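Letter by letter, the chains look like this.
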Amino acid sequence: MKQERMCILLILLCSAFLLFFRLNSLSFSVDEFYNVEIDINRPVDILHALIQGSDLHPPLTHFISHIWIRILGSGEWAARSIWAMIGILVIAMSYRWGKIMLGSSVGITGAILLTSLPTFLLYTRFVKYYSLTMAFALLTAILFMSWLRYPSTWRLVAYSGVLTLYLYTDYFGPATWIIWSNTVALSQMLHRPPQLSFHRWKWFIVGQAICGILWLPWIFVAFIQTDKVLSMQAADLGGGVVSFILNIAQALYAFAIGETIFPWHVAGIAGTIIVVIAGVHFLKSLYTRTLGDSALWTAGYVLLSLGLVSFLTSTLIQGVPFIAFANHVLFVLPFFILCLSIGLLKIQNAKFRYGLMAGLLLVHSVGLFHYFTCKDFQNPIYIVPTREIVTQMATEVSSNDLVLAAPDIGIAFYAERIANWETPILDPRESQQSQGWILGNTPQHIWLFIFGRDRTRTDEPLLLQEWIEHRCSLEIEQGFAEQNTLYRSLKTYLFKRPAYQHKLTLYRYHCQ
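Definitions and cut-offs
- Residue numbers run consecutively from 1 along every chain, following the written order of its sequence.
- Local features in a predicted model are, by the rule used here, given only for residues with pLDDT of at least 70; side-chain atom pairs are given and counted only at 80 or more, and totals for whole chains, interfaces and linings are based on all residues.
- Excluding hydrogens and water, the side-chain values take into account all heavy atoms of the structure.
- To form a nonpolar core, buried Ala, Val, Leu, Ile, Met, Phe, Trp, Tyr and Cys residues must be joined to one another through side-chain atoms within 4.5 Å.
- The buried label applies to any residue whose accessible area, calculated with a 1.4 Å probe on protein chains only, is under 20% of its type's maximum; exposed applies above 50%, and partly exposed to all values in between.
- In DSSP terms, a helix is any run of H or I states spanning at least four residues, a strand is any run of E spanning at least two, and both are numbered starting from the N terminus.
- Two residues qualify as a contact provided that any one of their heavy atoms is within 4.5 Å of a heavy atom in the partner residue.
- Any Lys or Arg side-chain nitrogen found within 4 Å of a carboxyl oxygen on Asp or Glu counts as a salt bridge.
- Cysteine sulfurs are considered disulfide-paired once they come within 2.5 Å of each other.
- Cavity means a closed set of points on a 1 Å grid over the protein atoms alone, one where a 1.4 Å probe fits but cannot get out, pocket means an open set with protein on both sides within 12 Å along at least 5 of 7 lines, and lining means a residue has an atom within 4 Å of a point.
- Grid points are joined across faces, edges and corners, and a volume is the space filled by probe spheres set on the points.
- We call Asp, Glu, Lys and Arg charged. Ala, Val, Leu, Ile, Met, Phe, Trp, Tyr, Cys and Pro are nonpolar, and the rest, Gly among them, are polar.
- Paired strands, as defined in this entry, are two strands with at least two bridges between them according to DSSP.
- Only the contacting stretch of a helix is used when fitting its axis, a line to C-alpha atoms as for every element, and angles between N-to-C directions run 0 to 180 degrees.
- For Phe, Tyr and Trp, rings pair up if their centres lie within 6.5 Å, where Trp contributes its six-membered ring, and each pair is then called stacked (planes under 30 degrees apart), edge-to-face (over 60) or tilted (otherwise).

### Observations concerning the nonpolar core
No. 1: Phe-255 and Phe-449 are the most contacted members of the largest nonpolar core, which has 146 residues in total.
No. 2: It is helix α8 (residues 130-149) that contributes the most residues to this core, 14 residues altogether.
No. 3: Setting aside chain neighbours within four positions, we find Phe-449 in contact with Ile-389, Met-393, Val-403, Leu-404, Ala-405, Ile-409, Ile-411, Pro-428, Leu-504, Thr-505 and Leu-506.
No. 4: In terms of nonpolar packing, the next biggest core, distinct from the first, is built from 14 residues, Ile-446, Trp-467, Cys-472 and Cys-511 among them.

Right, here's the structure in full:
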């Protein structure tokens, strides 16, 4: 027991180091600085922003972030630190769930794999709901299992309270959990174990009904946000069977290997082989019934969540690109990792088992190295150095210049943080407005920023660029966050149009 405590303590210290190491190294991505812009406001203004669709999630994350920003500020380290701390709790609760449900060895192995996973590090440090969603998913599951095994009023009250908070954090996570927990509870009730009588099960339903009543004040905003989600522009490969399969495949790969290793990288190939071997052993153990109900429940929840959310995002909600599917089901990541851990531990040959574990940790280490060196991100939007670009530009730009950058690039966000910034910033997608300003003011330089886009691309920035090139001479062209060459070729083939080379490209023109 003492050795186990020391082991989990070392894992938590390691997770704290990774989660806080260079926490402010990356600039805010678009989702992050949009959230920061919301969270710096008063609570009533935050609610108004959510009603208007500035973000399409429940408010609890924003309120927590608001309080934290008021205390520490809105810089990258300050705004992210609260979610990094919650990430440490996620590791602890993953171990706890694994131990009480599947055994200490599974809990420890799962905590190690989760700590080393690049995907966990990437999204847990985000100024977004990801970290809190994983924490509530685990805490809700732990409290549910505690009530299921030892029914009592206080356990049911604690479970219902946490579930209510979960409902105010996310939509997909609580929805899938309510479906699965009721399936498990009903199954147990039908088997009629002594501790779960029909009377107890009725009180479980009452507890959930109270959660629903407490969530009612938000339901009208939820309908508004749902309408906005359903009206989103369809993503590339955003609908149909292909989308359904790609969603699940991308999530499984991201959860097992990471989003900073491409599948054709030697580490990606090796990691995939290891995970397939572990998966086969896990499924074989389920088939031969050598695993208990706890493992079956955990696996069932993973399959339900991936299948249901993938079905929704490939039919009704087609605005989620498959490359971003994994972060929409991040709440199920700890449960998946525990299933992977069971598969590895079920390998009988000890040398082979420990060799595969070491190999998977080595693969994760490659992904972590890529993360900290900004290499091989499947979504390069996360590594655009917007803060550094604006800081450098501030030393060169003048009030006689014009900056053209769409709001979601973040140039305007960081420019507002620089004292005495006087250069106007316009959106190049509003080409008529930009042309009118240029003709009326004749800027000395034009700094044109163009985001590489897939489904959201429009011709307006390119048409404006062509119009500018007839009047001004190009001085500088510089790309940032280059996309992997093979990945770019695959996207060009799949989408039937040229894929962008750099996520962000700067064109500076001299006009006088």
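We are not done yet, so read on.
### Observations concerning the pattern of salt bridges
Opposite charge on two side chains permits pairing when their charged atoms draw close.
No. 1: Within the structure shown, the criterion is met by 9 salt bridges.
No. 2: A salt bridge links Asp-45 to Arg-42; the nearest nitrogen and oxygen atoms lie 2.9 Å apart.
No. 3: With a relative accessible area of 30%, Asp-45 lands in the partly exposed category.
No. 4: On the accessibility criterion, Arg-42 (53% relative accessible area) is exposed.

### A short note on the state of the cysteines
In protein chemistry, a disulfide is the covalent bond that joins the sulfur atoms of two cysteines.
No. 1: Here the structure, examined in full by the defined rule, presents 1 disulfide.
No. 2: Cys-472 shares a disulfide with Cys-511; S-S distance 2.1 Å. Residues Cys-472 and Cys-511 share a disulfide whose torsion about the S-S bond is about 105°; that sign makes it right-handed. Note that Cys-472 is positioned in the loop between α21 (460-469) and β4 (473-482) and Cys-511 in the segment after β5 (502-510), a separation of 39 residues in sequence. Cys-511 carries the same exposure label as Cys-472, and that label is buried.
No. 3: Note on Cys-14: no disulfide assigned, nearest cysteine sulfur contributed by Cys-7 at a separation of 11 Å.
No. 4: The exposure class assigned to Cys-14 is partly exposed, which follows from its relative accessible area of 38%.
No. 5: This cysteine, Cys-374, is not joined by any disulfide, and Cys-14 carries the nearest cysteine sulfur, 20 Å off.

### As for the layout of surface pockets
No. 1: Counted as a void, the second largest pocket has a volume near 630 Å³.
No. 2: Residue lining of the second largest pocket: 25 residues in total, with Leu-252, Val-275, Gly-279, Leu-283 and Phe-336 positioned closest to the centre.
No. 3: Those elements that provide at least two residues to the lining of the second largest pocket are α12 (240-256), α13 (266-287), α14 (293-313) and α16 (333-345).
No. 4: Ranked by residue count, the leading element in the lining of the second largest pocket is α13, at 9 residues.
No. 5: Tallied by class, the residues present in the lining of the second largest pocket amount to 21 nonpolar, 4 polar and no charged.

### A word on empty space enclosed by the protein
No. 1: Applying the stated criterion across every chain, the model contains 5 cavities of 30 Å³ or more.
No. 2: The volume enclosed by the largest cavity comes to roughly 90 Å³.
No. 3: Around the largest cavity sit 13 residues that line it, and Leu-26, Glu-32, Arg-80, Phe-126 and Tyr-371 are the ones nearest its centre.
No. 4: When its residues are assigned to classes, the lining of the largest cavity shows 6 nonpolar, 3 polar and 4 charged.

### Examining the sheet that holds strand β1 (residues 402-404)
As a general point, the strands of a sheet are linked pairwise by backbone hydrogen bonds and lie either parallel or antiparallel.
No. 1: The mixed open sheet is built from 5 strands, whose spatial order is β2-β1-β3-β5-β4. Looking at the sheet topology across the chains shown, the edges are occupied by β2 (425-426) and β4.
No. 2: In this sheet, β5 lies alongside strand β3 (residues 445-451) in antiparallel orientation, the contact comprising 7 bridges. Counterpart to Phe-451 in the pairing with β5 is Leu-504.
No. 3: Helix α18 (residues 386-394) rests against β1, β3, β4 and β5 of the sheet, and its axis sits at about 175° to β3.

### A word on the packing of aromatic side chains
No. 1: What the rule picks out here adds up to 27 aromatic pairs.
No. 2: For the ring pair Trp-97 and Phe-335, a centre distance of 5.8 Å and an interplane angle of 80° mean the geometry is edge-to-face. On the criterion of sequence distance, the pair formed by Trp-97 in helix α5 (residues 76-102) and Phe-335 in helix α16 is long-range, its members being 238 residues apart.
No. 3: Accessibility expressed as a relative area gives 4% for Trp-97, which makes it buried.
No. 4: Looking at Phe-335, the relative accessible area reads 1%, which means it is buried.

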